[in-house]
Amino acid sequence: MSAAGAGPTLVLVIAVGVLVATGVTLLLERSLSRILLGVILLGNGVNLLILLAGRSGVAPVVGTAPTGEMSDALPQAMVLTAVVITFGLTAFLLAVAYRSWHLSGDDEVQDDLEDRQVVRLAERNEVSTADFGGEGPDNDPEQVDPGPALRRLRRRGDQR
């Protein structure tokens, strides 16, 4: 904050922009360690932005100063909550990256065969009928039960 308490300085606003832009750029990478760093930078940038939104002044303790001169305590409480949430998400992503490194020796997120097929079918505007799980159509837990849709059709009187 500036010395006069008028608002955030240009340096802090630029710091928020750099942190958020770098965090978003790192989130778009395929490496889990870069995604982790992106989450950390994005969280810190947003926390700084929330703090800049608050009013500067003396400590918000009743009876120590006039109400107009007290700082706003809400952004500080929001940042404290955001820090805890960011820490939990960071710990989770760190565990996922460690597990990926332990299993495959690499922390890069790979494409799935089914994802590639979905992209190809979407480009051709088709629907997939292949079952890559090997369970067969009767034992596949990923298949959707068409029962409710048929019941809705029968309620309307459109019987097959």
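Structural data are supplied above this passage.
A brief report on the enclosed structure follows. All residue numbers here refer to positions counted from 1 along the written sequence of the relevant chain. With pLDDT at 70 or above as the cut-off, local features in this predicted model cover only qualifying residues; side-chain atom pairs require 80 or more to be listed or tallied, and sums for whole chains, interfaces and linings still use all residues. Neither water nor hydrogens contribute to the side-chain values; these are computed over all heavy atoms in the structure.

### Examining the overall build of the protein
Assigned secondary structure in the protein consists of 5 helices and 0 strands. To qualify as a helix, a DSSP run of H or I must reach at least 4 residues; to qualify as a strand, a run of E must reach at least 2; elements of each kind are numbered from the N terminus. Going from the N terminus to the C terminus, the protein shows its helices and strands as α-α-α-α-α. Burial classes follow relative accessibility: with a 1.4 Å probe on protein chains only, a residue under 20% of its type's maximum area counts as buried, one over 50% as exposed, and anything between as partly exposed. Here the protein holds 160 residues, and the buried ones make up 19% of them. Contact criterion: two residues are considered in contact whenever any of their non-hydrogen atoms come within 4.5 Å of each other. At a minimum sequence separation of 6, the contacts of the protein that also span at least 24 residues come to 46%. Areas reported as accessible are Shrake-Rupley estimates using a 1.4 Å probe. Residue values count occlusion only from the protein chains shown. For the protein, the accessible area works out to roughly 12000 Å², and carbon and sulfur atoms hold 62% of it.

### Some details on the packing of helix 1 (residues 10–27) against helix 2 (residues 32–53)
Axes are the key here: two packed helices are described by the angle between their axes and the distance separating the axes. Lines fitted to the C-alpha atoms define the axes, with helices restricted to the stretch that makes contact. Angles between their N-to-C directions range from 0 to 180 degrees. Where helix 1 meets helix 2, the axes come as close as 7 Å, and the angle between the chain directions of the two elements is 155°. Viewed along their axes, helix 1 and helix 2 adopt a mutual orientation that is roughly antiparallel. In this structure, helix 1 meets helix 2 at a crossing whose hand is left-handed. Of the residues in the contact of helix 1 with helix 2, the class split is 18 nonpolar, 5 polar and 1 charged. Here the word oblique covers every angle except those under 35 degrees (roughly parallel), over 145 (roughly antiparallel) and from 65 to 115 (roughly perpendicular). By definition, any crossing whose near helix is turned counterclockwise from its far helix by less than a right angle is left-handed, and any crossing with a clockwise turn is right-handed. All residues other than Ala, Val, Leu, Ile, Met, Phe, Trp, Tyr, Cys, Pro, Asp, Glu, Lys and Arg, Gly among them, are scored as polar; the first ten of these are nonpolar and the last four charged.

### A look at the pattern of salt bridges
Here, a salt bridge means any side-chain nitrogen of Lys or Arg that lies within 4 Å of a carboxyl oxygen of Asp or Glu. Counting across every chain of the model gives 1 salt bridge. The partner of Arg-34 in a salt bridge is Glu-29, and the shortest N-O contact between them spans 3.5 Å. On the basis of relative accessibility, which here comes to 34%, the residue Glu-29 falls in the partly exposed class.

### Details of helix 1
Along its 18 residues, helix 1 runs 26 Å from first to last C-alpha, staying within 8% of the 26 Å computed at 1.5 Å per residue. Listed as buried for helix 1 are Val-16, Gly-23 and Leu-26. Buried residues of helix 1, seen end-on, are gathered within an arc of 115° and therefore sit on one face of the element. Of the residues in helix 1, the exposed ones pointing more than 90 degrees away from the buried face are Leu-10 and Val-11. Tucked into the core, helix 1 has its buried residues touching helix 2. To estimate the expected span of a helix, subtract one from its residue number and multiply by 1.5 Å. This arc is taken over the directions from the axis of the helix to the C-beta atoms.

### Things to note about the side chain of Ser-31
Turning to its location among the elements, Ser-31 is positioned in the loop between helix 1 and helix 2. Side chain to side chain, Ser-31 and Asp-107 meet in a polar contact 3.1 Å long. Residue contacts for Ser-31: discarding those within four places in its chain leaves Asp-107 and Glu-108. The definition of a polar contact used here is a pair of N or O atoms within 3.5 Å, where within protein one atom must be able to donate a hydrogen and the other to accept one, and adjacent residues in sequence count solely through side-chain atom pairs.

### Section: helix 4 (residues 113–124)
Over its 12 residues, helix 4 runs 17 Å from end to end, which matches the ideal 16 Å to within 8%, given 1.5 Å per residue. Trailing helix 4 by a residue or two, Asn-125 shows a phi angle of about 60°, which is positive.

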